[in-house]
Amino acid sequence: MRLIDNYVKNFVQKYYEIFEPKVLKADELLKSKSCVGSEMLGWQDLNSDLEYIKNIAEDINSKSDCVLIIGIGGSYLGAKVAIDFLSPVYKNKIYFIGFNLDSEYLNNILKKIKDKKIHVVVISKSGNTIEIKTTLDIIINFIKKKYNQDLHKYFTAITGKKGFLRNFAETNNWQILDIPENVGGRFSVLTNVGLLPIALAGADIKKIVLGAKEMQKNLENLDSDCHKYAIIRNVLYKNGLKIELFASFNTRMLSFMEWLKQLFGESEGKEGKGLFPASVLFSTDLHSLGQFIQEGSKILFETIFFVKNLKYNLKLSEDFKNYKSINEINEKIFKSTVLAHYKGKVPCNIIEIEEFSEFELGRLIYFFEFSCALSSLMLGVNPFNQPGVEVYKKIMVN
Ligand code: PA5
């Protein structure tokens, strides 16, 4: 992957140099583990026991043909990102639930899988999240009715040291994997939280972590794309742009952009500050929000993903003038969109992705985790807490 900044440079050059020392400071604080929120920097360790995770995944896969993953926020998004990005061989056996409380959605899934051999993986760091407890209640009854005995064989919990889930899983003798205390939900994709479901779907977790480690090594260079991207975001924010619009031309990127919204939204959006992360899928949204992006209020900049090497490329008939395949046209639309938006005074970062591979995904995940931490520190907020998320929960119990 690489950042192409040709269509953003002009918008940031005035302040770029002023922000350079800020990124260097943030980098130093992060790498020396002395920044605000430094107790939550475990995501930089990349030391999960991959052999252990792979063995557990193989064991679960050997006795099930369907896995229910119960999780919300950072406890499921990372895994969903990887499964959608990679489209691995067992992707269709994984069902995500618990990220909403939509009875119809859950009911439809339960109907679909009722005759299958099921395993349930429940993921919650706090172990107390209401959506997870509620979904688990339904699923436990469903499993009880289906299997009657030895219920513990059908459940795995991935959780923190304390909380309802930890107690319940221990009492009922479930298999338990730990979530490191020093890693928050949205930064946990490369721990047991993300890696077990990804391995269950059949993707190669070793290659993902290898990609992340390679990116980490790259970031020793203080002039890296990641440092540049953090500077650009902060300069554009200072220039009055309040929205970062992620855009892609590939449906495989949809979940990735959802994760970015969570990563940046929860990390930066506090103390009355932060860029609002939003996302669009092109061409679809060129025919809806495209008008606003081109000519509407000047409140946003774009970060556009473009994937270079794609596995599928449908060929057009010879009657079709000037173009031979869909991908050729898609690339032309991408280039034209960037030029049009740039002309419309919308700054565009371009992130070029090599391919939909495990290695590239690992690189991307670490790139965005690190750039998010850098950006948040430059903004002067703690990247690793989310006090705002607690407010609705407190209102609920009153
Ligand atoms: O990033 C975060 O910390 C949050 O999005 C959490 O992942 C989310 O709220 C779920 O929390 P828990 O894992 O405790 O159920």
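Rules and cut-offs
Residues numbered from 1 in each chain as written. Predicted model: local features only at pLDDT ≥ 70, side-chain atom pairs only at ≥ 80, totals over all residues. Heavy atoms only, no water. Phe/Tyr/Trp six-rings, centres within 6.5 Å; stacked < 30°, edge-to-face > 60°. Helix = DSSP H or I, 4+ residues; strand = E, 2+ residues; numbered from the N terminus. Core = buried A, V, L, I, M, F, W, Y, C linked by side-chain atoms within 4.5 Å. Buried < 20%, exposed > 50% of the residue type's maximum accessible area, 1.4 Å probe, protein only. Contact = heavy atoms within 4.5 Å. Patch = residues over 30% accessible without salt bridge, like charges linked within 9 Å, V, L, I, M, F, W, Y side chains within 5 Å. Areas by Shrake-Rupley, 256 points an atom, 1.4 Å probe, with all protein chains shown as cover. Salt bridge = Lys/Arg side-chain N within 4 Å of Asp/Glu carboxyl O. Axes fitted to C-alpha atoms, helices over the stretch in contact; angles between N-to-C directions. Left-handed = near helix turned anticlockwise from the far one by under 90°. Nonpolar A, V, L, I, M, F, W, Y, C, P; charged D, E, K, R; others polar. Right-handed = clockwise from strand over helix to strand, strands pointing away. Polar contact = N/O pair within 3.5 Å; in protein donor to acceptor, adjacent residues only side chain to side chain. Near = heavy atom within 4 Å. Domains from an automatic or database assignment. Pairing = 2+ DSSP bridges. Buried area = accessible area lost by both parts, 1.4 Å probe.

Overall, the coordinates contain 31 aromatic pairs when judged by the stated rule. Ring geometry for Tyr366 against Phe370: centres 6.2 Å apart, planes inclined by 20 degrees, an arrangement best described as stacked. Separated by four residues within a single helix, Tyr366 and Phe370 lie in helix α13 (residues 358-379), roughly one turn from each other.

Moving on to the nonpolar core. Residues Leu30, Trp43, Leu196, Phe256, Trp259, Phe305 and Phe368 are the most contacted members of the largest nonpolar core, which totals 93 residues. Counting residues per element, this core draws most heavily on α13, which supplies 13 residues. With residues up to four places along the chain from it excluded, the contact list for Leu30 reads Cys35, Leu41, Trp43, Gln44, Phe370, Ala373, Leu374, Leu377 and Phe384. Counting residues in each nonpolar core, the second largest holds 25 residues, with Ile118, Val120, Phe142 and Phe155 among its members.

Bringing a nonpolar patch on the surface into the picture now. Taken together, the side chains of Ile130, Tyr392, Met396 and Val397 present a nonpolar region at the surface, about 410 Å² in accessible area. For the nonpolar patch, the leading source of residues is helix α14 (residues 390-397), giving three residues. Tracing the backbone shows Val397 in helix α14. With relative accessibility at 71%, the residue Val397 sits in the exposed group.

Looking now at the packing of helix α3 (residues 77-86) against helix α7 (residues 192-200). α7 packs onto α3 with a crossing angle of 35 degrees between their chain directions and a minimal axis gap of 8 Å. As for the relative orientation of α3 and α7, their crossing is right-handed in sense. Here Ala79, Ala82 and Ile83 of α3 lie close against α7, whose contacting residues are Gly194, Pro197 and Ile198. Taken together, the residues that form the contact of α3 with α7 break down as five nonpolar, one polar and no charged.

All right, on to the pairing of strand β4 (residues 118-124) then. Counting buried positions along β4 yields seven of seven residues, so the element is predominantly enclosed. What you see with β4 is no split at all: Ile118, Val120, Val122 and Ser124 on one side and His119, Val121 and Ile123 on the other are buried throughout. Once you follow β4 into helix α5 (residues 130-147) and on to strand β5 (residues 155-159), the crossover reads as right-handed.

Moving on, we come to the environment of Tyr392. Take Tyr392: it is sitting in helix α14. Engagement of the side chain of Tyr392 in a polar contact is seen with the side chain of Glu131, the distance being 2.8 Å.

The next point concerns the site of the ligand. Around the ligand, 13 residues are found, and the nearest of them are Ser75, Ser124, Ser126, Thr129 and Gln262. The separation between an oxygen atom of the ligand and a polar main-chain atom of Gly74 is 2.9 Å. Glu266 places a side-chain nitrogen or oxygen 2.9 Å from an oxygen atom of the ligand. Looking at the shell around the ligand residue by residue, the class counts come to one nonpolar, nine polar and three charged. Mapping the shell around the ligand onto the domain boundaries places at least three of its residues in each of domain 1 (2-34 + 208-389) and domain 2 (42-203).

It is worth spelling out the sheet that holds strand β8 (residues 276-281) at this point. Overall, mixed pairing links the five strands, which are arranged β1-β10-β9-β7-β8 in an open sheet. Here the strands that pair on one side only, and so sit at the sheet edges, are β1 (2-4) and β8. Here the average twist between neighbouring strands, direction ignored, is 25 degrees. Of the pairings in the sheet, the one linking strand β7 (residues 243-248) to strand β9 (residues 300-309) comprises six bridges and is parallel in character. From the neighbouring strand, Phe246 faces β9, where its bridge partner is Thr303. Contacts from helix α9 (residues 225-238) reach β1, β7, β9 and β10 (348-355) within the one sheet, and its direction differs from that of β1 by about 40 degrees.

Time to look at α3. By the criterion of burial, α3 is predominantly enclosed, with eight of the ten residues buried. Residues of α3 that are buried: Leu77, Gly78, Ala79, Val81, Ala82, Ile83, Phe85 and Leu86. Where α3 is buried, its residues meet β3 (94-97), α7, α8 (205-218), α10 (254-268), β10 and α13. Just past α3, the residue Ser87 takes up positive phi, approximately 50 degrees.

What follows is about the pairing of β3. Here β3 shows a buried face lined by Ile94 and Phe96 and a second buried face lined by Tyr95 and Ile97. Pairing of strand β2 (residues 66-70) with β3 involves four bridges; the strand directions are parallel. In the sheet register, Leu68 faces β3, and the bridge partner there is Tyr95. Following the chain from β2 across α3 to the adjacent parallel β3, one finds a crossover that is right-handed.

Where the parts come together, the accessible area they lose is often given as the size of the interface. As assigned here, the protein chain comprises domain 1 (2-34 + 208-389) and domain 2 (42-203). Relative to domain 2, the C-alpha centre of domain 1 lies at a distance of 29 Å. Opposite the 36 residues of domain 1 that make contact, domain 2 presents 23 residues. Of the roughly 2,600 Å² buried at the junction of domain 1 and domain 2 (both faces included), carbon and sulfur atoms supply 67%. For domain 1, the biggest contributors to the area lost against domain 2 are Val209, Arg252 and Glu369; these three give 21% of the whole. Counting the contacts that link domain 1 with domain 2 gives two salt bridges. Our enumeration of links across domain 1 and domain 2 arrives at eleven residue pairs in polar contact (both at pLDDT 80 or more). Looking at the side of domain 1 that touches domain 2, the elements with two or more residues in it are α1 (9-31), α8, α10, β10 and α13. Counting residues per element, the side of domain 1 that touches domain 2 draws most heavily on α13, at nine residues.

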